[in-house]
Each structure stands twice: as structure tokens, then as C-alpha cells.
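What follows is the residue order along each chain.
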Amino acid sequence: MVLSEFAGVSMPDWIDALLRVVFIVALMTINAFALIYLERKILARLQARVGPTRTGPIGTLQSIADALKLVTKEDVRPITADRWAFELAPYMAFVPVFLVFVPIPFTETWFIRDLNLGLLYVFGVLGLNIVGVVMAAWGSDNKYALLGGVRAAAQAISYEIPMLLIIVAVVMVAAGRLAVDGDASMAGSINAIVGDQTTTPYILLQPLGFVIFMIGALAELHRPPFDMPIAESEVVGGYFVEYSGMRWGLFFLAEYTALFLMVMLASSIFLGGWNWPFGADVGLGLQIVLTLVKTSVMIVLVIGSRALFPRLRIDQLMAFSWKVLLPFAIVQVIANGIILAYGGADWVVGLVSFALLAALFGLIYQLMRQRKGEGARTVSTTPATPRVITAPDVTPVEAGGD
Amino acid sequence: MVQRTFEGEVLTEPVVVEREFETVDMNINIGPQHPATHGVFRMVLTVDGEIVKDAIPYIGYMHRGGEKLSENLDYRGALGYQDRTDYLAAFNSEWVYVNAVERLAGVEIPERAEYVRLILAEFNRLLSHFMFMGAFGTDVGYFGTAFTWTFKERERIQDLFEAVCGDRIMYNYFRVGGLAWDPHETFVEDSHWVLDQVETGIGDVDELMTDNEVFVARCRDVGVMSAEDAISFGVTGPMLRASGVPFDLRVDEPYSIYDRFHWEIPVGERGDVYDRYLVRLEEMRQSVTILRQALDQMPTSGPIMPERMPARLRPEPGEIYMRQENPRGEYGIYMVSDGTDQPWRVKMRSPCFHNLSSLKPQVIGGYLADAVVALGSIDIVLCEVDR
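Residues numbered from 1 in each chain as written. Chains lettered and ligands numbered in written order. Predicted model: local features only at pLDDT ≥ 70, side-chain atom pairs only at ≥ 80, totals over all residues.

**Topic: the overall build of chain A**
Per the secondary structure count, chain A includes 15 helices and one strand. Its C-alpha atoms put chain A at 90 × 60 × 40 Å along the principal axes. By the burial criterion, 45% of the 402 residues in chain A qualify as buried. Within chain A, contacts between residues separated by at least 24 positions form 77% of all contacts whose residues are at least 6 apart in sequence. (Helix = DSSP H or I, 4+ residues; strand = E, 2+ residues; numbered from the N terminus. Buried ≥ 20, exposed ≤ 12 C-beta atoms within 10 Å, placed from the backbone. Contact = placed C-beta atoms within 7 Å.)

**Regarding the overall build of chain B**
Broken down by element type, chain B carries 15 helices and eleven strands. Taking the principal axes of its C-alpha atoms as reference, chain B extends roughly 110 × 50 × 35 Å. Taking all 387 residues of chain B together, the buried fraction comes to 54%. At a minimum sequence separation of 6, the contacts of chain B that also span at least 24 residues come to 70%.

**Things to note about unusual backbone geometry**
Each neighbour pair has its own omega, and for A:Pro224 with A:Pro225 the value is 0°, a cis peptide bond. Structurally, the position occupied by A:Pro225 is in the loop between α10 (207–220) and α11 (232–235). Here the phi dihedral of B:Ser256 falls at roughly 55°; this positive angle occurs in a residue that is not glycine. In the Ramachandran plot, B:Asp379 falls in the positive-phi region, its phi being about 60° despite a non-glycine side chain. Looking at the element boundaries, B:Asp379 is found in the loop between α14 (368–378) and α15 (382–386).

**Structural notes on the sheet that holds strand β5 (residues 51–58) of chain B**
All names here are of chain B. A sheet is described by the order of its strands in space; here three strands give the open sequence β3-β4-β5, paired in antiparallel fashion. Of all the strands in the sheet, the pair left with one neighbour each is β3 (26–30) and β5. Direction aside, neighbouring strands of the sheet carry axes that sit 25° apart on average. Inspection of the sheet shows strand β4 (residues 42–48) paired to β5 by seven bridges, in the antiparallel sense. If you follow Arg42 over to β5, its bridge partner there is Tyr58. (Pairing = 2+ DSSP bridges. Axes fitted to C-alpha atoms, helices over the stretch in contact; angles between N-to-C directions.)

**Some words on the confidence of the model for chain A**
In this model, chain A carries an average pLDDT of 82, and 90% of its residues clear a pLDDT of 70 or more. Confidence drops under a pLDDT of 50 for residues 386–392 of chain A, and excluding neighbours within four residues, the segment shows eight contacts in the predicted structure. (pLDDT = per-residue confidence, 0-100.)

**Quick look at the interface of chain B and chain A**
Each side of the interface is counted separately: chain B has 59 residues, and chain A has 47 residues. Looking at the side of chain B that touches chain A, its residues break down into 33 nonpolar, eleven polar and 15 charged. (Nonpolar A, V, L, I, M, F, W, Y, C, P; charged D, E, K, R; others polar.)

**Focus: α10(A)**
Residue and element names in this part refer to chain A. Taking 1.5 Å per residue, 14 residues should reach 20 Å; α10 reaches 20 Å between its end C-alpha atoms and fits that length. Counting buried positions over the 14 residues of α10 gives twelve, a clear majority of the element. Residues Leu208, Gly209, Phe210, Val211, Ile212, Phe213, Ile215, Gly216, Ala217, Leu218, Ala219 and Glu220 constitute the buried set of α10. Positive phi shows up at His222, right after α10, with a value of about 55°. (Expected span 1.5 Å × (residues − 1).)

**Things to note about the packing of α10(A) against helix α14 (residues 314–341) of chain A**
Residues and elements named next belong to chain A. Axis separation between α10 and α14 bottoms out at 11 Å; the angle between their running directions is 145°. With respect to the hand of their crossing, α10 and α14 are arranged in left-handed fashion. Residue-level inspection shows Leu208, Gly209, Ile212 and Ile215 of α10 in contact with α14, the latter providing Leu325, Phe328, Ala329 and Gln332. (Left-handed = near helix turned anticlockwise from the far one by under 90°.)

**Overview of the pairing of strand β9 (residues 318–326) of chain B**
All names here are of chain B. As paired strands, β9 and strand β10 (residues 329–337) are joined by nine bridges and run antiparallel to one another. Residue pairing across strands places Gly318 opposite Ser337, the latter belonging to β10. In this structure, the hairpin formed by β9 and β10 is closed by a connection of two residues.

**Here's the deal with the sheet that holds β9(B)**
Residues and elements named next belong to chain B. Spatial ordering of the open sheet is given by β9-β10-β11, a layout of three strands whose pairing is antiparallel. The outermost strands of the open sheet, each flanked by one partner alone, are β9 and β11 (343–349). For this sheet, the mean angle separating the axes of adjacent strands, direction not counted, is 15°. Running over the sheet, helix α3 (residues 90–105) touches β9 and β10 and is turned about 150° from β9.

**Let's talk about the environment of B:Arg156**
All names here are of chain B. Structurally, Arg156 is set in helix α5 (residues 145–165). A sequence separation of 29 residues divides Arg156 from Leu127, and the C-alpha atoms of the two residues are 9.5 Å apart. When sequence neighbours within four positions are dropped, the list of residues in contact with Arg156 reads Val194 and Gln197.

**Focus on the environment of A:Tyr342**
Take A:Tyr342: it is sitting in the loop between α14 and α15 (346–372). Separated by 176 residues in the primary sequence, A:Tyr342 and A:Ile166 have C-alpha atoms spaced 20 Å apart.

**Let's talk about the confidence of the model for chain B**
Per-residue confidence for chain B averages 86 on the pLDDT scale, and 96% of its residues sit at or above 70. For this predicted complex, the interface confidence comes out at an ipTM of 0.80, alongside a pTM of 0.84.

**Quick look at the packing of helix α2 (residues 13–46) of chain A against helix α12 (residues 245–269) of chain A**
Residue and element names in this part refer to chain A. Two numbers describe how α2 lies on α12: the axes approach to 9 Å, and their chain directions differ by 90°. With respect to their mutual orientation, α2 and α12 come out roughly perpendicular. Counted together, Met28, Thr29, Asn31, Ala32, Leu35 and Ile36 of α2 and Leu253, Tyr256, Thr257, Leu259 and Phe260 of α12 form the full contact between these two elements. Classifying every residue of the contact of α2 with α12 gives eight nonpolar, three polar and no charged. (Parallel < 35°, antiparallel > 145°, perpendicular 65-115°, else oblique.)

As C-alpha cells, then:
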């Protein structure tokens, strides 16, 4: 019981839980402010700009100013909007993201509750997020919003499946390891998985899993190159195009909280969270620093991807999930099953996963080579000397316009 | 088994109605206020989910009657309207206009003025193509990176233009017969310095976009247009060359002093969006080559206007069609003189109008996102389409 440890008082469990929930909600709100500022600054650096500079020292109060603006702004609801769907949608998108924080460990003892099916809970609750998005899309009575919402739903379904299969593969490995020196029935608990990574982070055992998880996370977060639900140049912002004021702010809060959440999850499951590389004995302070350092590095990578990738098309996105990621995830699960059933060592598991990862990258590279075609990079040039051009036989084509 | 309804009627066999799952097509408005339309272009797409089934483009939101206005002004007074047609390549449009008037009136222009015009026009081509790279990058989905990177170099070129003529967009610097005034003293050195920056900028764009897997995936085999179709639509400029036709007015109908330089014409193979991007990228490199040669050859001093120019320009009755290679294609001025000091008729042939007309067959059958990319690859300037 963390708070009683700190305050030196004993309190009923429900008060303790409530305090922890309040703590998480407050932390995530501040965190969203910090992330928005960080994103603006990092993107600015990558794009030869300076980012916010005017509000507070080097623009640090920009997010607060934005929040104040959003709160005081008029909350506009289109007259043809479906009232309840429109007004409830932000909460439906926002509450599940916060609920997911229940089993996520910040340190060995800092979490709301340690659930032994924590991973299942995380993905179960996170899946509800999309309900809010679809409600917003449908309730807005806007075609751009509808397209964006349907894209978001299709994308969420496609990418949750490979992610979940990868989680299954991870839990298989964790169960095998925990059976040796722990309780294998806790293999679904995130804290137990982190606790198992004292010497070996799971990224070494399941590198393919890490890559697929991060790709899936980018897709879940609508981050480039998977940001077509909110594509500015196609659907003008997507499902929240009709929102203004604080309702729009709630979508934003949910988005940045989800970013932090996904990165926390990835760093807990694959990078050893508070545990690796210093072990469990270093104390709360260093553990939380370790968690935050890992998440920060990954957040910077995720934000940087926004500056350096254009966006895929919706069919390419779906094809990539169903035709590439899903088969690899299934093969990973089967391979883990076979190796663990025959009592294979950890290094075998890692090696097979590495081989699969190499195959995945090779396949992507090969597909790209095919698409580009031979010598596509250079266009042929002809010397600029005067000459006579003969036009080929031209058959008129139906002209555009009406 | 005998089936009965509630009324006791006997049904011989259950009725099965077979029909396909029906979906309703949706009309979606891209523009006139949409982030991807580069101005006030409107396109009504009929989409079945994400597939575009029909596209109806609407233009005319920017129509200002520039042709008619030019007919009510002195030959030299209408020059400002040329800046406001293709505002991304204003020097090129001005150049076509003054060239047309000069040929109509039979004015000889000094060599130094010719060089300065060519240099400024080629710089303007670079400026325009940088703008294309930025805007197209945004269409494909770079969150502003392409835009800000290309604008860095655009700023340098615009600084140079500002030093030369005092304005950054609407120059109004060419005159019938030459130039308004001499460029500043360090024009050649400044230009060389800007060219160094521009070469770096072209390399940056190349590294950011050309080999990016997602970029290639989005652009390859999108908006394909065959050479026959391109010619049939009257498409010109980089779009035509991307379709495989090595047609460049700087070579095929030489004007000014382009025959003094050595450079090459990039030509695409497939005629898709990616080829258009590559052709423009290579064209920028070739422009740099032309500029370096021109800056070296340019006379360091000399007149910039003919010694004697008539106070009122009254060309002999006649007509002329002057066309030149603008960044977007063939920009033409058709001008009829009736012997007075105002043109009887001015017609502007804008490349974007014809290029834009080829949009419909490119987008039908593709995805909604492809329609945006295909539109971006045309590199339209709506002021020029509507005039």
C-alpha cells in the first residue's frame, strides 16, 4: 500500500484505491500538457522551426494557455448532430483510456491494482475506446467525420489482432519462465512480467513481438504513417472535425494519454519497465526514474515518426496488417508453443524470434523493391538540343467536368 | 410440411428474396475550403466507401477577368495582372507577356536584360518547384516537414528577389524592352550563394521523400496517365514529360537565349504521380545547371533598356501567340493589336487549366486518398486556372 507507506497511516482499501485513481488522473492530465509541449518542440526542431517561445520561459506554458483557450471556447454542436451520441462521445473515448491505467506498474509497488489478467484487461478496456470514436463520427452528421470514424474502426480492429497474438506469445514465454522461479498463473499480470525481467528484457526474447507491438501501437494511436483516420489533407481532421472547446480537448487528452499508455505498456512488457537493468532492489526513486527514462525515449521516437513519415493509404494499411503482420504473429505463437512444449531454452526462443523479425524486414524490403520497379529512382534525361517531335496517333478522351 | 400464416392461408414454399447487400454512394465535397485543394478548387467526389466512382471538378471561384482588364489598359500597364495569374511563378508569366508585346511591337532588348530575365525566371522555376515539393509532401501526409524544409530555401530565393526588385511575390519588374532597373551590385555573387543553398535544399528533399517506403507506396502507379491521353488533354510541362513525352518549349520552340546552355530534359516512364515528382526534382537540378552557366556568361555591365523607346506603344495591327515553358507547362499569351495603344484582345493560355482537365480520369476508380495525391501532383495554381 503505497500511500500508507509514505504517509505512515493506515487507511481502508477503498480510500487507498480512490487516492490512487485521483493520483493517476491528475498525473495523466499534467502528462498530456507536458507531452503536447514536448511534441511541439521536437517537431519544431525536426522541421527547422522553433516551436512555442512566447508563453512562459521557452514556451513551457503553451499547453496551459491552450487548455485555458479550449475551456473558455464556445462548445458548438451542429444543429443536425445526434445530440446524445455527439455529446457523450468524448467521454466514451476518454474514460477507457484512463481505466486502462489500473494494472500498469510505475514501480514495483506503484500501481492501482495488480490484476493477474492485467494484459487481457488492458486490451479489453482499450477496445472500448473505439466506441467513442465511432459515436463521434456518427453523431457529428459530417461526411468527413464519418469517413474518419469508419477508418479508425477498421484500423483498430485490424491492428488489435496481431497485437493481441503477440501478447499471447509473450505470455507463453512469461509463463514458461515464471513456472521456474515464480507463479506461472501470474503470467498475465504486467507487474509479474516486469518482475521477471531482472536480467533479460523480453525484447531479447521476442524482438518480433516488440516490433509488431510498436507498429500496432502507432496504428492504435493514429500516429503517422497510420494517421488516416485524422488525415488533415483527406478527411480534414476526421472524427473530431465538428468538435470545439473542451469536448475537442477531451479527445486530445485521450490521445496523449493513450500515447503515454501504449509506450508504458511497451516499455513494461518488452524493455523491463522498472526492473531491467538494475533489478528490483534499487528502491522506489530509481525505479520510477528508470520507467520514465524508458518511456521518454520511446515517446520521442514515436513523436519523431510524425515528422518523417507520410501516411499510408487505407487499403495498404489493412493489407499490411492482415497479410503481413497477422501471419507473422501467428507463426510466432506457434513457434513459441513448439519450442516451449519441448522445453527449449530461452536463447532458442530469442533466436527464432530474431529470425522471424529478419524475415519480416526482408519481406517488407522486397515488397518495396517490387513496387518501386527497376531503376525507378532516376528519370531518363535527353540532351536539350532542338528537334522535331511527332505526336502519336491521338484518340480524344472524354473531358472532365460537366 | 405445410406452413400457414396467421390467417390460416397455406403457403406452399417459403419465399426467399435474394438480393445483394446494397450500399449507398456518398457525395463528398473536397473544397472549396479544404486543406488539400491548394486554393479554391472544388471537387465533388462520389465515393463508394473509399473508392471514388465519379468526380466533378468546379472551377471559377478566383475569376477576376484578367484578360478583359488587360484589354482596357496600355500595353505596359497590364503587366501587373501577369503577376497575379501564376503567383508562384510571377517572373515567368511576366516574361511571356513582355516577350509577346516586344515581338508584336518589334522591340529589340539588350543582352544583359535578357540574361537577367532568364536568371530570374529560372530562379522562379526553382521557387515554384520547391513550393510543389512542400505542398505535395503535405498532401501525401508529411506533417509539415517537407513544407518547412522547402520553405527554408524558398526564403533565400525570395530574399534575392526582394534585393533585386523590392518585392517577394508580385514583382512587376520586367518592362517592355528590358527591365525596370539594374539589379543590385552583388547580384551575381548573391545568386551563386543562393544556388549553393538551393542545391543543399534539393538534396534534403531528395533524402526526405524519394526513397521513403511509405512515400513510394503512396505515389507509385497512382494517377497514371499515358502519353496519348496527356497530349489529347493538352497537358504540358512536367506532367507531360512524366508521361514520357520529351517536350519542352525551351528546346522545341526556342525563345530567349536558351540555346546557349547545355542541360537535359528529364522524362518519366510510367506517367504516375511518382514520375511527376521525380521529373520535377530532376528539373530543379537542371535549372541549377542552367543558372550556373547563365551567371557565368552574363555581361557584367551594359544597358538594360533599349536606347529609344516610344512614349506610347502602338504596335502595327496584327496578332501574336507567344508561348513559353513555365514551371507548370506552356503559358501562352495571344494578343491582337488594332493599332491603338491598347490590345484589342488578350488571351492567356494557362497550363494549369489544361493539366487540371486531366484530373477526372486519373481519380475515378482510385481511392479517396489517391484523389488528393493526384490533385496535388498537378501542382495547380487556382489564380492561373480561373484568371
